[in-house]
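Below are the chains, spelled out letter by letter.
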Amino acid sequence: NDENLQHTNRAFGNMYLEYTPNIGWDGFNLKFREQIGIDMWTSNYASIAEVGDAKQKTGSVENSGLQQNNLNNLFTINLDGKFGADKQFGLNVVLGNEVNEEHARDWYYYGSNLNFYGFPVIGNATNFSSDEATSEERTVGFFGQASLDWASQLYLTVTARNDYVSTMPRGSRSFFYPSVSLGWEFTKLPMLENNKILTYGKLRASYAQVGQAGHY
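First, a word on what this report is: a plain description of the structure on this page.

Basis of the calculations
Residues numbered from 1 in each chain as written. Predicted model: local features only at pLDDT ≥ 70, side-chain atom pairs only at ≥ 80, totals over all residues. Heavy atoms only, no water. Buried < 20%, exposed > 50% of the residue type's maximum accessible area, 1.4 Å probe, protein only. Helix = DSSP H or I, 4+ residues; strand = E, 2+ residues; numbered from the N terminus. Pairing = 2+ DSSP bridges. Axes fitted to C-alpha atoms, helices over the stretch in contact; angles between N-to-C directions. Salt bridge = Lys/Arg side-chain N within 4 Å of Asp/Glu carboxyl O. Patch = residues over 30% accessible without salt bridge, like charges linked within 9 Å, V, L, I, M, F, W, Y side chains within 5 Å. Areas by Shrake-Rupley, 256 points an atom, 1.4 Å probe, with all protein chains shown as cover. Phe/Tyr/Trp six-rings, centres within 6.5 Å; stacked < 30°, edge-to-face > 60°. Lys NZ or Arg CZ within 6 Å of the ring centre and 35° of its normal. Contact = heavy atoms within 4.5 Å.

Sparse coverage of strand S8 (residues 203-208) is indicated by the burial of 0 of its 6 residues. Bridge count between strand S7 (residues 174-184) and S8: 6 bridges; the pairing is antiparallel. Within S8, the position partnered with Val 180 by the bridge is Tyr 207.

In spatial order, the strands read S1-S2-S3-S4-S5-S6-S7-S8; together these 8 strands make up an open sheet with antiparallel pairing. The sheet terminates laterally at strand S1 (2-19) and S8, the two strands that pair on one side only. Shown here is a sheet whose adjacent strand axes are inclined to one another by a mean of 10 degrees, direction ignored.

One ladder, built from 18 bridges, connects S1 with strand S2 (residues 28-49); its direction is antiparallel. Looking across to S2, one finds that Gly 13 is bridged to Ile 38. In this sheet, strand S3 (residues 60-83) lies alongside S2 in antiparallel orientation, the contact comprising 22 bridges. Bridge pairing links Ile 36 to Asn 73 in S3.

Our next topic: the pattern of salt bridges. If you walk through the whole model with that rule in mind, you get 7 salt bridges. Glu 132 is the salt-bridge partner of Arg 105, the closest N and O atoms lying 2.8 Å from each other. Here the residue Arg 105 occupies a position in strand S4 (residues 89-114), and Glu 132 occupies one in strand S5 (residues 125-150), the gap between them amounting to 27 residues. A residue is classified by how much of its surface remains accessible, and Arg 105, at 26% relative accessible area, is partly exposed.

Attention now goes to a nonpolar patch on the surface. Taken together, the side chains of Phe 83, Leu 148, Trp 150, Leu 154, Leu 156, Val 158, Val 180, Leu 182, Trp 184, Leu 203 and Tyr 207 make up a nonpolar region of the molecular surface, amounting to roughly 940 Å² of accessible area. Secondary-structure elements contributing two or more residues to the nonpolar patch are S5, strand S6 (154-165), S7 and S8. Examined against the element boundaries, Trp 150 turns out to sit in strand S5. You can call Trp 150 partly exposed: its relative accessible area is 37%.

Time to look at the packing of aromatic side chains. A full pass over the atoms with the stated rule returns 7 aromatic pairs. Pairing Trp 25 with Phe 28 gives two aromatic rings, centres 6.3 Å apart and planes at 85 degrees, and the pair type is edge-to-face. Among the residues examined, Phe 28 registers a relative accessible area of 14% and is labelled buried. Members of the aromatic cluster, each reached through a chain of ring pairs, are Trp 25, Phe 28, Phe 83 and Phe 89. Residue placement shows Arg 33 over the ring face of Tyr 16; its charged tip is 3.9 Å from the ring centre.

Another point: the environment of Val 51. Topologically, Val 51 is positioned in the loop between S2 and S3. Judged by its relative accessible area of 29%, Val 51 is partly exposed. Between the C-alpha atoms of Val 51 and Gly 118, which are 67 residues apart in sequence, the distance is 8.1 Å. Beyond its immediate stretch of four places on either side in the chain, Val 51 contacts Lys 57, Thr 58, Gly 59, Leu 114, Phe 116 and Tyr 117.

Turning next to the side chain of Asn 162. Summarising the element assignment, Asn 162 is placed in strand S6. Residue Asn 162 is classed as buried on the basis of its relative accessible area of 17%. With residues near it in sequence (within four places) discarded, Asn 162 still touches Val 140, Gly 141, Phe 142, Ser 174, Phe 175 and Phe 176.

Spelled out as structure tokens, the structure:
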């Protein structure tokens, strides 16, 4: 008789803490945020062919599985507010650090030629083979973003991020991703506001450098 089994256990969740001190700057708020999340799961698979099976006369047992633990930690500092005459300027600054870790283990055990019927476990086999592997990956990133707007119509945003990736060779693990964008919502000009022909219009130009690390 053939039998195929599968079982998975999984646990995941996240939590965060926020702190907003009184910095005494008129029109500005400062916020600190720490967030952590986990995702852990284990899957076990079994394929059993008893002694006398039509395809495997002497019987066999195959056990395999995968275990994976993922951790994400994100820390940010956010300064937000307005300044200038009539508060026509808006400023938002974000600085942060992110850590992603992945720990994985997979295994495969196979036994054939069972000694006797009714005990389909690896210990009842006379021929064995096995394979097992583990891996660990970590990415640490530092990032920042500064956004400045004027009169809620002209917007300038500058971002930068630097990642350090464990899966790349030493000396080539650092990746820098900058970007800049400028936008102008011209329909907020006094001469164009409240017109019924063109209710919304925006011009935007941007530059960004992106990429993705591989496995070495």
